[in-house]
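Letter by letter, the chains look like this.
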Amino acid sequence: MKGVILAGGTGTRLFPFTKIINKHLLPVGHYPMIYWSIIKLGKSGIKDILIITNKDDLNDFKTVLGNGNHLGVNIVYQIQPHAGGISHGLSYARNYVKGETFVLLLGDNIFEDSLLPYIENFVNQNEEAKILLKTVDDPERYGIANVDKNTNQITSIVEKPQNPSSNLCVTGIYMYNSNVFDHIENLKASDRGELEITDINNIYISKKKLSYEVLKGWWIDAGTHDSLFRANQLVQKQFNQLGSEDNE
């Protein structure tokens, strides 16, 4: 399998820092934020990784990460010409994926669990896609999955609901086969003018081709000042417990 990390966007929630640096290069613990996605993929056995970012930040990523050899992986880069949503960014991975299954991570997601058991379950399943969920206290901030308790299947995903009927948030951890790119081609832009990953996942739900699991450990979207601070606390606590920079 291959890995794809989305690391574009303007990072407006982290101004003023992101006026001069891509948010995925901000520090989380001992490393730049994006290191954690790379480390998680590498430790799950995924060594070939595509990082998708914007033109203005590309050289910074290359300076910090290079070809990934020092992290035990092989990194290549692709430019997303403008911020058009997660599905839009993912569309630029088609030539890289080349018909394989892959893991897609949002680079500002920091989490405790190993990806390996989830990837193994995905490889052995009949469904074409898999997402990882996490229970949150503020579901109105996220895409929220509604699950039928009788069938244990996701019935729908609602983006940032005003009156959430569930507190199971869709994390930025996705697994797809290459059919996802055909679905993206047929997507229409949302009211925000973006190609939404929620719409892609709802397509799989309608076809009964989407599975899910719930993360067991902590998870955080480090895209705000408060959550970035919290991510640093969680990572540093775990680092101190493990006593090694080679462990998350």
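Now for a quick tour of the structure. A quick note: this is a predicted structure, and the numbers were derived from the prediction, not measured.

Looking only at helices and strands, the chain features 8 helices and 13 strands. Referenced to the eigenvectors of the C-alpha coordinate spread, the extents of the chain come out at roughly 45 × 40 × 35 Å. Here the chain holds 248 residues, and 53% of them are scored as buried. Taking contacts inside the chain between residues at least 6 apart in sequence as the whole, the part at least 24 apart equals 72%. Surface accessibility of the chain: about 11,900 Å² in total, with carbon and sulfur atoms responsible for 47%. One way to put it: in the chain the 24 positive side-chain charges average out to a point 1 Å from where the 28 negative ones average out.

Here the focus is the packing of aromatic side chains. The full count for this structure, using the stated rule, is 7 aromatic pairs. An angle of 20 degrees between the planes, with centres 5.7 Å apart, marks the rings of Phe102 and Phe181 as stacked. With Phe102 in strand E6 (residues 102–106) and Phe181 in helix H6 (residues 180–185), this pair connects stretches of sequence that are 79 residues apart. Grouping residues by exposure puts Phe102 and Phe181 together as buried. Three or more aromatic residues link up through ring pairs in this structure, and these residues are Phe102, Tyr174, Tyr176, Phe181 and Tyr204. In this structure, Lys2 is placed above the aromatic ring of Tyr96, and the distance from its NZ or CZ to the ring centre is 4.5 Å. Over the aromatic face of Phe15 sits the side chain of Lys19, whose NZ or CZ is 5.6 Å from the ring centroid.

With that settled, the discussion passes to helix H5 (residues 116–123). Listed as buried for H5 are Tyr118, Ile119 and Phe122. Along the axis of H5, the buried residues cluster in a sector spanning 100 degrees; they form a single face. Its buried side turned inward, H5 meets E6, strand E8 (129–135), strand E11 (168–176) and strand E12 (210–214).

What follows covers the pairing of E11. Among the 9 residues that make up E11, 9 are buried, leaving the element largely enclosed by the rest of the structure. With 4 bridges connecting them, E6 and E11 associate as antiparallel partners. Across the sheet, Leu105 pairs through a bridge with Ile173, a residue of E11. Where E8 and E11 come together, 6 bridges link them in antiparallel fashion. When the bridges of E11 are listed, Ala129 appears paired with Tyr176.

Turning next to the nonpolar core. Core analysis: the biggest nonpolar cluster contains 47 residues, and Ile34, Ile38, Ile51, Leu65 and Ile110 have the highest contact counts within it. Top element by residues in this core is helix H1 (residues 33–43). It accounts for 7 residues. Ignoring sequence-local partners within four residues, the contact set of Ile34 consists of Ile5, Ala7, His24, Leu25, Ile51, Phe61, Leu65 and Gly107. Of all hydrophobic cores here, the second largest spans 32 residues; its members include Leu104, Leu106, Leu133 and Ile197.

Contact geometry for H1 and helix H2 (residues 58–65): axes closest at 12 Å, N-to-C directions at 60 degrees. As summarised for this structure, H1 and H2 are arranged oblique, according to the angle between their axes. Here H1 runs over H2; the crossing is right-handed. Residues Ile34, Tyr35 and Ile38 of H1 lie in contact with H2, whose contacting residues are Phe61, Val64 and Leu65.

Computed from the structure, the largest pocket encloses a volume of approximately 1,000 Å³. Sorting the residues of the lining of the largest pocket by element identifies strand E10 (153–159), E11, helix H7 (197–206) and strand E13 (219–221) as the ones contributing at least two each. A volume near 320 Å³ is recorded for the second largest pocket. For the second largest pocket, the lining is made up of 15 residues, of which Asp138, Tyr142, Trp219, Ile220 and Arg230 are closest to its centre. Put simply, the parts of the chain that give the lining of the second largest pocket at least two residues each are E8, E13 and helix H8 (225–242). For the lining of the second largest pocket, the element with the highest residue contribution is H8, accounting for 4 residues. Here the lining of the second largest pocket is composed, by residue class, of 6 nonpolar, 2 polar and 7 charged.

How each quantity is defined
- Residues numbered from 1 in each chain as written.
- Predicted model: local features only at pLDDT ≥ 70, side-chain atom pairs only at ≥ 80, totals over all residues.
- Heavy atoms only, no water.
- Helix = DSSP H or I, 4+ residues; strand = E, 2+ residues; numbered from the N terminus.
- Buried < 20%, exposed > 50% of the residue type's maximum accessible area, 1.4 Å probe, protein only.
- Contact = heavy atoms within 4.5 Å.
- Areas by Shrake-Rupley, 256 points an atom, 1.4 Å probe, with all protein chains shown as cover.
- Lys, Arg positive; Asp, Glu negative; His and termini not counted.
- Charge placed at Lys NZ, Arg CZ, Asp CG, Glu CD.
- Phe/Tyr/Trp six-rings, centres within 6.5 Å; stacked < 30°, edge-to-face > 60°.
- Lys NZ or Arg CZ within 6 Å of the ring centre and 35° of its normal.
- Arc of directions from axis to C-beta.
- Pairing = 2+ DSSP bridges.
- Core = buried A, V, L, I, M, F, W, Y, C linked by side-chain atoms within 4.5 Å.
- Axes fitted to C-alpha atoms, helices over the stretch in contact; angles between N-to-C directions.
- Parallel < 35°, antiparallel > 145°, perpendicular 65-115°, else oblique.
- Left-handed = near helix turned anticlockwise from the far one by under 90°.
- 1 Å grid on protein atoms, 1.4 Å probe; cavity = no way out; pocket = protein on both sides within 12 Å on 5 of 7 lines; lining within 4 Å.
- Points joined across faces, edges and corners; volume = space filled by probe spheres on them.
- Nonpolar A, V, L, I, M, F, W, Y, C, P; charged D, E, K, R; others polar.

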